[in-house]
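Residue-level structural notes
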Amino acid sequence: GFKIRLPGIIGTLSMNYVVVILALLDSSTSVGLIVAVVSTLSQCLLHTTTRPQWFQVVFSVGGIPLPVLAASLVLHSPYLLNADQTHCFALLAASLVYMCVNTITVAGIIGLTGNKSLIDVWTNSYLWTYPQYRVGGAIAGGVHFLIGHMGWPALGIGVPPLYLLYRSYGLYLGRIEQQQNHIRE
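Predicted model, so just to flag it, every value in this text is computed and none were measured.

The next subject is the overall build of the protein. Counting its regular elements, the protein contains 9 helices and 2 strands. Reading the protein from its N terminus to its C terminus gives the helix and strand order β-β-α-α-α-α-α-α-α-α-α. When each of the 185 residues of the protein is scored for burial, the buried share is 38%. In the protein, once contacts between residues fewer than 6 apart in sequence are set aside, the share between residues at least 24 apart is 62%. When the accessible area of the protein is evaluated, it comes to approximately 10600 Å², of which 67% is carbon and sulfur surface.

This is how it looks when you write it as structure tokens:
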């Protein structure tokens, strides 16, 4: 699946939020929730290097509805939609809210289980992912716009930018991990 291993912690950065945001834009909150739960479950169980423990799967699948609901509330907020007729602000705000709710929840669990501060875990492991969430939200918005003009075949246009985003973060994080390994040696 589209997930990237994070250096320094046991965890991955999933790209499924782009599809979730697109589902929220083109369908409904219910469809967004279904897409999020199914994609999270598949990322936990398919093509994994180590089989996750049951509680990790339960946490991942059980924790994903909250960021989806929060993003949906922001995305469909009448205040944001009326403030910007292009709805770009609502889309970027929804991407930010999704990122914050999702990563703060995970950082909280990592902090609790490792006796670390939530703020330290979040700022060191997740804060820097914000640009990825913005770009991913922009990709979802662009595909949504194209679907409105070209129909569902426009989904194919969204695949190359999503793959480039995935590859660029994978390469970037690979370099960071190499640097960390070099420093440890």
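Moving on: the nonpolar core. Counting residues in hydrophobic clusters, the biggest one holds 32 residues, and the most contacted among them are Tyr-17, Val-20, Ile-21, Leu-24, Val-68, Ala-71 and Tyr-98. Not counting residues up to four positions away in its chain, the partners in contact with Val-68 are Val-20, Leu-24, Gly-32, Leu-33, Ala-36 and Tyr-98.

Let us look at the packing of aromatic side chains. If you walk through the whole model with that rule in mind, you get 4 aromatic pairs. For the pair Tyr-98 and Tyr-133, a centre-to-centre distance of 6.4 Å together with 40° between the ring planes defines the contact as tilted. Taken together, the positions of Tyr-98 in helix 6 (residues 88–113) and Tyr-133 in helix 8 (residues 130–150) put the pair 35 residues apart, joining distant regions of the chain. Judged by its relative accessible area of 1%, Tyr-98 is buried. A relative accessible area of 3% means that Tyr-133 is categorised as buried. Taken together, the ring pairs connect Tyr-17, Tyr-98 and Tyr-133 into an aromatic cluster.

Quick look at a nonpolar patch on the surface now. Together, Leu-41, Leu-45 and Leu-46 make up a nonpolar patch on the protein surface, roughly 230 Å² of accessible area in all. With respect to the element layout, Leu-41 can be found in helix 2 (residues 29–45). Overall, Leu-41 belongs to the partly exposed group, its relative accessible area being 36%.

As for its position among the elements, Ala-36 is in helix 2. Here Ala-36 falls in the buried class, since its relative accessible area comes to 0%. Between the C-alpha atom of Ala-36 and that of Val-68, which follows or precedes it by 32 residues, the distance is 7.5 Å. Ala-36 has contacts with Asn-16, Val-20, Ile-64 and Val-68, leaving out every residue within four places of it along the chain.

The subject of this paragraph is unusual backbone geometry. Phi is positive for His-87, close to 65°, though the residue is something other than glycine. Mapped onto the fold, His-87 is located in the loop between helix 5 (78–83) and helix 6. Backbone geometry places Asn-115, a non-glycine residue, at a positive phi of 50°. As for its placement among the helices and strands, Asn-115 is situated in the loop between helix 6 and helix 7 (118–125). Accessibility expressed as a relative area gives 75% for Asn-115, which makes it exposed.

Our focus in this paragraph is the packing of helix 1 (residues 16–26) against helix 4 (residues 65–75). At a closest axis distance of 10 Å, the pairing of helix 1 and helix 4 adopts a crossing angle of 45°. On the basis of the axis angle, helix 1 is oblique to helix 4. The chirality of how helix 1 crosses helix 4 is right-handed. Taking contact as the criterion, the partners of Val-20, Ile-21, Leu-24 and Leu-25 in helix 1 are, on helix 4, Val-68, Ala-71, Ser-72 and Leu-75. Residue classes in the contact of helix 1 with helix 4 are distributed as 7 nonpolar, 1 polar and no charged.

Reading the values: rules and limits
- Residues numbered from 1 in each chain as written.
- Predicted model: local features only at pLDDT ≥ 70, side-chain atom pairs only at ≥ 80, totals over all residues.
- Heavy atoms only, no water.
- Helix = DSSP H or I, 4+ residues; strand = E, 2+ residues; numbered from the N terminus.
- Buried < 20%, exposed > 50% of the residue type's maximum accessible area, 1.4 Å probe, protein only.
- Contact = heavy atoms within 4.5 Å.
- Areas by Shrake-Rupley, 256 points an atom, 1.4 Å probe, with all protein chains shown as cover.
- Core = buried A, V, L, I, M, F, W, Y, C linked by side-chain atoms within 4.5 Å.
- Phe/Tyr/Trp six-rings, centres within 6.5 Å; stacked < 30°, edge-to-face > 60°.
- Patch = residues over 30% accessible without salt bridge, like charges linked within 9 Å, V, L, I, M, F, W, Y side chains within 5 Å.
- Salt bridge = Lys/Arg side-chain N within 4 Å of Asp/Glu carboxyl O.
- Axes fitted to C-alpha atoms, helices over the stretch in contact; angles between N-to-C directions.
- Parallel < 35°, antiparallel > 145°, perpendicular 65-115°, else oblique.
- Left-handed = near helix turned anticlockwise from the far one by under 90°.
- Nonpolar A, V, L, I, M, F, W, Y, C, P; charged D, E, K, R; others polar.

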